[in-house]
Amino acid sequence: LTFILPLLFPPFSYSREIITSASEYDYPPFCTTDRDGKAVGFSVDLLRASLDIMDHDFSFHTGTWSEIKNLLEKEDIQALPLVGRTPEREHVFDVTFPYMTLHGAIVVREGTEGIEDISDLSGEKVAVMKGDNAEEFLRRGNYNIEIFTTDTFETALTDLSNGLYKAVILQRLTAVRLINDNSLLNLKITGK
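Okay, so let's go over this structure. Since the model is a prediction, treat every value here as computed from it, not as a measurement.

### Focus: the pattern of salt bridges
Piece 1. The full count for this structure, using the stated rule, is 7 salt bridges.
Piece 2. When salt bridges with common partners are traced through the structure, they connect Lys69, Arg89 and Glu136 into a single cluster.

### Quick word on the sheet that holds strand β9 (residues 167-171)
Piece 1. Pairing in this open sheet of 5 strands is mixed, and the strands run β8-β7-β9-β6-β10 from one edge to the other. Each of the sheet's edge strands pairs with one partner strand only, and the pair in question is β8 (146-150) and β10 (187-190). Between one strand axis and the next, the sheet turns through 35 degrees on average, direction left out of account.
Piece 2. Pairing between strand β7 (residues 125-129) and β8: 5 bridges, direction parallel. Each residue of the ladder has a partner; that of Lys125, found in β8, is Glu146.
Piece 3. Strands β7, β8 and β9 of the sheet are contacted by helix α4 (residues 133-140), whose axis makes an angle of about 135 degrees with β7.
Piece 4. Where helix α6 (residues 172-181) meets the sheet, it contacts β6 (104-109), β9 and β10, and its direction lies at approximately 115 degrees from that of β9.

What counts and how
Residues numbered from 1 in each chain as written. Predicted model: local features only at pLDDT ≥ 70, side-chain atom pairs only at ≥ 80, totals over all residues. Heavy atoms only, no water. Salt bridge = Lys/Arg side-chain N within 4 Å of Asp/Glu carboxyl O. Pairing = 2+ DSSP bridges. Helix = DSSP H or I, 4+ residues; strand = E, 2+ residues; numbered from the N terminus. Axes fitted to C-alpha atoms, helices over the stretch in contact; angles between N-to-C directions. Contact = heavy atoms within 4.5 Å.

What follows is the structure in C-alpha cells.
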C-alpha cells in the first residue's frame, strides 16, 4: 500500500509565503548584524520565531534605521522586528501589541556635571539617530535643544566621545551595549 499511495496522490508542492523584513546595523541587543552581515538580535529572533510558527519564510534587508523605516513606509518590506510606537508613526504603521518597554537615557562625557534630565540640555548640542524615537520626542517638545542627527547611534556616541556634542539621547540598554562594545570609556549614562 505504501508504494501505491504516491501514485494515487502525487506529491503536494507547498510553498511557504515569504515575509520581507529588515534590520538595523547597530541597535543592540535588538536589531544588529553579525560578522557575515546577517540580521541578528533579540527582536530579529522573535520575529523569525513568530513567522516560523505561522509557517512563513522570511528575508531580511539590512541598513540604517532611516533606510529600513523608509522601506516599510513605501511598502517595499512587510514588517520590522522593532518599532517604537510614537504619535508621529500612528498614521503610518500598524503595530502589534507591545512586547517590551524601553527606557531612554542621556549619555554624556565623563566629568560632565549638572545634566540629570532633558531640561538640563536647554541650549546644548544633542545628537540622536535620524528618524529614531528620540529625535521625534525632541522635535515634538519645546526643549530649546540644538538637534543633530546621525545615521547610527554608534556614530553619535563616537562623535560625543570626541567632544562634538553635549549629549546623545537613546534607549538605555542600547547605550550600555554600544558604549561597552566600542570601548567608549569616557562616556557615562546620566539622569532619567
